[in-house]
Amino acid sequence: MHTHAGMSMMRGVGEDIAFHEWLSRIWDIESKIDEEWVYHATRVACLEMIKTGTTTFNDQYWHMPMAYKAAMELGMRPALSYVVLDKNDPEESERQKDQCLQMYEMTKDWDPKAQLLISIHAIYSVREPMMLWAVDFARERG
C-alpha cells in the first residue's frame, strides 16, 4: 500500500465520477501545483497520520524533497518513492531515468529514518522497458 500525502488537500475532488475521468481531472490540478503545495499538503497528511498513531508511511508523489522535509520536521519515518510515469513515451523514459539517478544521489545525505524507493505508476502509463529498468535500478541499489 502507499500514500499520496501531497494530495491530502484534494480530497473530494471528483469523487462522483468514473476513474479515468477523475484521473484526467486530477492530472489537470496536479499540473498547477508546486513544491510549496506539496510541502504543506504533506504536513497536513503527516499530522493526520500522527493523530492515528502512524509513524512510517510509503509515499508516492511528486516533489519528493518537500515531502521529505515535511515528514522529517514532524518526526515521521518516510519511505518516499520516485514515481516512474513515462506516459509510454521513450524520450520521457530517458528523462525520468536521469531524474531518478539524480534523486538517488541526493538522498544519500538523508536522515537514516528516511528511505528512497522507486515505484511504477501503473501498467497503462509506463512502458514495459521502463518498468524493467525500474526493477533493475532497485535491485542494484538495494
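In what follows, the accompanying structure is described.

Assigned secondary structure in the chain consists of five helices and three strands. If you list the helices and strands of the chain from N to C, you get α-α-β-α-β-α-β-α. In terms of C-alpha radius of gyration, the chain reaches 15 Å, essentially the compact-globule figure of 14 Å for 142 residues. For the chain, the spread of C-alpha atoms along the three principal axes comes to 40 × 40 × 25 Å. Buried positions account for 40% of the 142 residues belonging to the chain. Long-range pairs, those at least 24 residues apart, make up 63% of the contacts in the chain between residues at least 6 apart in sequence. Here the chain has roughly 8,400 Å² of accessible surface; of this, 53% comes from carbon and sulfur atoms. With 15 positive and 23 negative side-chain charges, the chain shows a spacing of 5 Å between the two charge centroids.

This paragraph deals with the sheet that holds strand β2 (residues 77–84). The strand order β1-β2-β3 describes an open sheet built from three strands, whose pairing is parallel. Each end of this open sheet is capped by a strand with a single partner; those strands are β1 (56–59) and β3 (115–120). The average undirected angle you get between the axes of adjacent strands in this sheet is 20 degrees. As defined by bridge partners, β2 adjoins β3 across six bridges and the pair is classed as parallel.

This part is about the nonpolar core. If you look at the biggest cluster of nonpolar residues, it comprises 25 residues, and the most contacted ones within it are Phe57, Leu80, Val84, Ile118 and Trp133. Mapped onto this core, the elements with two or more residues apiece are α2 (35–51), α3 (64–73), β2, α4 (90–107) and α5 (128–141). Discounting residues that sit within four places of it in the chain, Leu80 has contacts with Phe57, Asp59, Met64, Ala67, Tyr68, Trp110, Gln115, Leu116 and Leu117. With six residues, the next largest nonpolar core counts Met7, Met10, Ile33 and Val38 among its residues.

In this section: the pattern of salt bridges. Within this structure, the stated rule accounts for seven salt bridges. Between Arg43 and Glu73 there is a salt bridge, with the nearest N and O atoms lying 2.8 Å from each other. Remark: Glu73 occurs in helix α3 and Arg43 occurs in helix α2; sequence separation between them is 30 residues. Residue class for Arg43 comes out partly exposed when judged on its relative accessible area of 25%. Note that Arg95 and Glu92 form a salt bridge whose closest N and O atoms lie 2.5 Å from each other. Remark: Glu92 and Arg95 occur in helix α4; sequence separation between them is three residues, near one turn of the helix. Judged by relative accessible area, Arg95 falls into the partly exposed class, the value being 39%. The exposure class of Glu92 is buried, given its relative accessible area of 18%.

Parameters at a glance
- Residues numbered from 1 in each chain as written.
- Predicted model: local features only at pLDDT ≥ 70, side-chain atom pairs only at ≥ 80, totals over all residues.
- Heavy atoms only, no water.
- Helix = DSSP H or I, 4+ residues; strand = E, 2+ residues; numbered from the N terminus.
- Rg over C-alpha atoms; globule rule 2.2 N^0.38 Å.
- Buried < 20%, exposed > 50% of the residue type's maximum accessible area, 1.4 Å probe, protein only.
- Contact = heavy atoms within 4.5 Å.
- Areas by Shrake-Rupley, 256 points an atom, 1.4 Å probe, with all protein chains shown as cover.
- Lys, Arg positive; Asp, Glu negative; His and termini not counted.
- Charge placed at Lys NZ, Arg CZ, Asp CG, Glu CD.
- Pairing = 2+ DSSP bridges.
- Axes fitted to C-alpha atoms, helices over the stretch in contact; angles between N-to-C directions.
- Core = buried A, V, L, I, M, F, W, Y, C linked by side-chain atoms within 4.5 Å.
- Salt bridge = Lys/Arg side-chain N within 4 Å of Asp/Glu carboxyl O.

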